[in-house]
Amino acid sequence: MMHNRRVVLIVVAVTVILLAVVLFFGGMLFNRSRGGFGTGSMMGGGMMGSGSMMGGSTTSNGPAISNDQLQQLVKQGEVGATINKAANTVIYTGTNVNLVALASPHGVPNMTWEIDGLVNPTITIPAGAMVNVTLVNPDWGYMHGFEVTTTPPPYSQMPMMSVNNDFMLPPLPQRTTQSLGTAQYYSRTGSMSLSTGTYYYLCPVPGHAQQGMFGVLKIL
Ligand SMILES: [Cu+2]
């Protein structure tokens, strides 16, 4: 009797686990086939690792850049920006904006963005401005990409399956060496021009937005 009950319990447990696996992967397939890619740029999945854009939006893979080049990029990103550290906001003016997003760099909390020296700032950009976005990955051990969506937080483990996509810079690998003294950083740029609204920038790599790698982007 005890033995039979144990067998039944094991069978039930295995069935539940199998069902969960089937539902999980089935759900992924369903979401993927449904698309979920909003107005824009990515056609289909496969943004992980291949490093190439499948669709419209223009992005280019930059070479790995040095720390000095990174500092120059950061300075370019601050041109035309009003940076308010206390409010954690960055307000851009003008019709051409350089947005430089550092993915989880050394010195900021793990799984966050550093933009214009702030951590996950709320960014305001004028409607109609052409925004040149540069993604740099100075992190060690993690790939990071840059995605803009109108889907608000909270984000799931797999944001690319659940948020609409208005702009995407596919994930870049970690820095070239663990040692900061010799490391170079991969970068990628693309342009976006968004209509008025409230957007969110996030990292599409599984788990990263869920752990806090996102911020607000207002187009006014
Ligand atoms: Cu990430």
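Our structure's up above, just so we're on the same page.
About the cut-offs
Residues numbered from 1 in each chain as written. Predicted model: local features only at pLDDT ≥ 70, side-chain atom pairs only at ≥ 80, totals over all residues. Helix = DSSP H or I, 4+ residues; strand = E, 2+ residues; numbered from the N terminus. Buried ≥ 20, exposed ≤ 12 C-beta atoms within 10 Å, placed from the backbone. Contact = placed C-beta atoms within 7 Å. Pairing = 2+ DSSP bridges. Axes fitted to C-alpha atoms, helices over the stretch in contact; angles between N-to-C directions. Expected span 1.5 Å × (residues − 1).

Structural notes on the overall build of the chain
Now for step 1: Helix and strand content of the chain: three helices and 13 strands.
Now for step 2: Burial status across the chain gives 36% buried among its 220 residues.
Now for step 3: For the chain, the share of sequence-separated contacts (at least 6 apart) that also reach a separation of at least 24 residues comes to 70%.

Overview of the pairing of strand β8 (residues 130–137)
Now for step 1: Summarising burial for β8: six of the eight residues are buried, a large majority.
Now for step 2: As paired elements, strand β4 (residues 96–103) and β8 share seven bridges and run parallel to each other. Within β8, the residue paired with Val-100 across the bridge is Thr-134.
Now for step 3: In this structure, β8 lies alongside strand β11 (residues 186–192), joined through seven bridges in antiparallel fashion. When the bridges of β11 are listed, Leu-135 appears paired with Arg-188.

Some remarks on the sheet that holds strand β12 (residues 197–202)
Now for step 1: One open sheet accounts for seven strands, arranged β2-β3-β7-β13-β12-β9-β10; its pairing is mixed. Two strands lie at the open edges of the sheet, namely β2 (81–84) and β10 (167–172), each paired on one side alone. Here the average twist between neighbouring strands, direction ignored, is 15 degrees.

So, the environment of Thr-151
Now for step 1: Considering the arrangement of structural elements, one finds Thr-151 in the loop between β9 (144–149) and α3 (159–162).
Now for step 2: Expressed as a C-alpha distance, the spacing of Thr-151 and Tyr-201, which sit 50 residues apart in the sequence, is 9.7 Å.
Now for step 3: The residues touching Thr-151, leaving out its near neighbours within four places in the chain, are Val-163, Asn-164 and Tyr-200.

Things to note about helix α2 (residues 67–78)
Now for step 1: Helix length check: α2, at 12 residues, gives a terminal C-alpha distance of 17 Å against a target of 16 Å (1.5 Å per residue), a fit within 8%.
Now for step 2: Those residues of α2 hidden inside the fold are in contact with β4 and β8.
Now for step 3: Remark: Gly-80 follows α2 within two positions and exhibits a positive phi of approximately 80 degrees.

Some details on the environment of Met-192
Now for step 1: As for its placement among the helices and strands, Met-192 is situated in strand β11.
Now for step 2: Looking at Met-192, the number of C-beta atoms within 10 Å reads 25, which means it is buried.
Now for step 3: Met-192 sits 61 residues away from Val-131 along the chain, and the two C-alpha atoms are 5.2 Å apart.
Now for step 4: In this structure Met-192 touches Val-131, Val-133, Val-148 and Phe-167, once residues within four positions along its chain are discounted.

Re unusual backbone geometry
Across the chain, the bulk of peptide bonds are trans and the bulk of non-glycine residues have phi less than zero.
Now for step 1: With an omega dihedral of 5 degrees, the bond running from Pro-153 to Pro-154 counts as a cis peptide bond.
Now for step 2: For Pro-154, the position within the fold is in the loop between β9 and α3.
Now for step 3: Positive phi, close to 50 degrees, is recorded for Asp-116, a residue that is not glycine.
Now for step 4: Tracing the chain through its elements places Asp-116 in the loop between β5 (113–115) and β6 (118–119).
Now for step 5: Positive phi is not limited to glycine here, since Asn-120 has a value of about 50 degrees.
Now for step 6: Looking at the element boundaries, Asn-120 is found in the loop between β6 and β7 (122–125).

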